[in-house]
Amino acid sequence: MGRLDGKVALITGGASGMGMVASRLFAAEGARVVLTDVADEAGERVAAEIRDAGGEAHYVHADVSVEADAAGMVRAAVERFGGLHVLYNNAGVMLPDDGSVTTTDEAIWDRTLAINVKGVAFGCKHGIPAMLDSGGGSIINVASFVAWMGAATSQTAYTASKGAVLSMTREIAVEYARKGIRCNALCPGPIETPLLMQLLADEAARQRRFVHIPMGRLGRAEELARAALFLASDDSSFMTGASLIVDGGITAAYVTPLD
Ligand code: NAD
């Protein structure tokens, strides 16, 4: 018995990092998975690996910042697998030139908000009607611990985008609470994925961040995928509008251990 038996799950940004690991885990737990991305070769590969392992998966190209693509990915899930029960809005970017509020260019703001905020909104806009038709379901919107904590090593557009995801999630949760749709935010701490590794390639930047993590290590994509599985499954049936923080203790800390 899988925890997602009989469910159709749509995962954006499924070609890499946490989305890729979650696609595998959700399929192993019995979901029929539609994974989407803009990295088509990698996305097709993840879907093929899942099928080779005996799961059901289908890759669809969808740039989440383009509304027609968001509509298309939902249509693909419904046409291919007959409905939609889990929508995991995971795709997101942290752009290299995103920095202090005094230096960040308008183009960085536009691209970050288009993908991280409008991308989540478009997923919900087109996913919710399909979920209502399917008898309800669970939406997981990926925010971040930076939606809760400020950093002096700032990435202002990214941080603002994740705050928007958090507040949008609450509003969607309240609006659809009596219609069978739950909507929660997942707030990862620093997780070892390609998105973060580009930032931590510099050893000094790495150490500066590590010191603030009570557990003293980065999280693993598997640890986040398990939290996403909890939100996706009926195990979290009385949870909506919540923020699940999975961050090795960062948001709990005032002073971290010395050793
Ligand atoms: P990742 O870069 O490994 O994977 C993100 C995926 O999203 C990539 O496959 C990428 O091609 C895809 N993507 C980018 N733009 C897209 C678009 N416009 N449309 C569709 N797909 C697109 O990153 P990750 O670390 O696995 O991040 C997943 C989510 O978790 C993101 O929303 C990120 O902001 C969030 N997050 C990550 C961390 C971390 O430390 N890694 C921490 C907090 C939150």
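Numbering of residues starts from 1 in every chain and runs along the sequence as written. Confidence filtering applies because this is a predicted model: local features only for residues at pLDDT of at least 70, side-chain atom pairs given and counted only at 80 or more, and all residues used for totals across whole chains, interfaces and linings. Remark: hydrogens and water are excluded; side-chain values derive from all non-hydrogen atoms of the structure.

Now for the pattern of salt bridges. For this analysis, a salt bridge means a side-chain nitrogen from Lys or Arg found within 4 Å of a carboxyl oxygen belonging to Asp or Glu. Applying the stated criterion across every chain yields a total of six salt bridges. Aspartate 235 is the salt-bridge partner of arginine 3, the closest N and O atoms lying 2.7 Å from each other. Of this pair, arginine 3 sits in the segment before β1 (8-12) while aspartate 235 sits in the loop between α8 (221-232) and β7 (243-246), and the two are 232 residues apart along the sequence. Overlapping salt bridges bring together Arg217, Arg220 and Glu223 as one network. Strands are runs of DSSP state E lasting at least two residues, helices are runs of H or I lasting at least four, and both sets are numbered from the N terminus onward.

Time to look at the site of the ligand. A cutoff of 4 Å decides nearness: a residue is near a molecule or strand if any of its heavy atoms lies inside that distance of it. Close contacts around the ligand come from 28 residues, with Ser16, Asp37, Tyr158, Ile191 and Thr193 the closest. In the model, an oxygen atom of the ligand is placed 2.7 Å from a nitrogen or oxygen of the serine 16 side chain. Two N or O atoms count as a polar contact when they lie within 3.5 Å, although within protein this holds only if one can serve as hydrogen donor and the other as acceptor, and sequence-adjacent residues are included solely when both atoms are side-chain atoms. A distance of 2.8 Å separates an oxygen atom of the ligand from a polar backbone atom of methionine 18. Each accessible area value is a Shrake-Rupley result obtained with a 1.4 Å probe; residue values ignore everything except the protein chains displayed when judging cover. Calculation on the ligand without its partners gives an accessible area of 830 Å², and the protein chains cover 92% of this total. By residue number, the principal contributor to the shell around the ligand is helix α6 (residues 194-197), which donates three residues. Under the convention adopted here, Pro, Cys and the residues Ala, Val, Leu, Ile, Met, Phe, Trp and Tyr are nonpolar, Asp, Glu, Lys and Arg are charged, and Gly plus all remaining residues are polar. Class assignment of the residues belonging to the shell around the ligand gives a composition of 17 nonpolar, eight polar and three charged.

Now for a negative patch on the surface. Together, Asp97, Asp105, Glu106 and Asp110 line one region of the surface with negative charge. Tracing the sequence through the fold places aspartate 97 in the loop between β4 (86-89) and α4 (106-133). A patch is a set of surface residues, each over 30% in relative accessible area and not in a salt bridge, joined within 9 Å for like charges and within 5 Å for the nonpolar side chains Val, Leu, Ile, Met, Phe, Trp and Tyr. Under this rule, positive means Lys or Arg and negative means Asp or Glu; His and the chain ends count for nothing. Note that the charge is assigned to NZ on lysines, CZ on arginines, CG on aspartates and CD on glutamates.

Let us look at the side chain of threonine 104. Assignment of secondary structure puts threonine 104 in the loop between β4 and α4. Among the polar contacts listed, one links the side chain of threonine 104 to the backbone nitrogen of glycine 99, at a separation of 2.9 Å. Of note is the side chain of threonine 104, whose polar atom sits 2.8 Å from the backbone oxygen of serine 100.

Any functional reading would require information beyond the geometric quantities listed.
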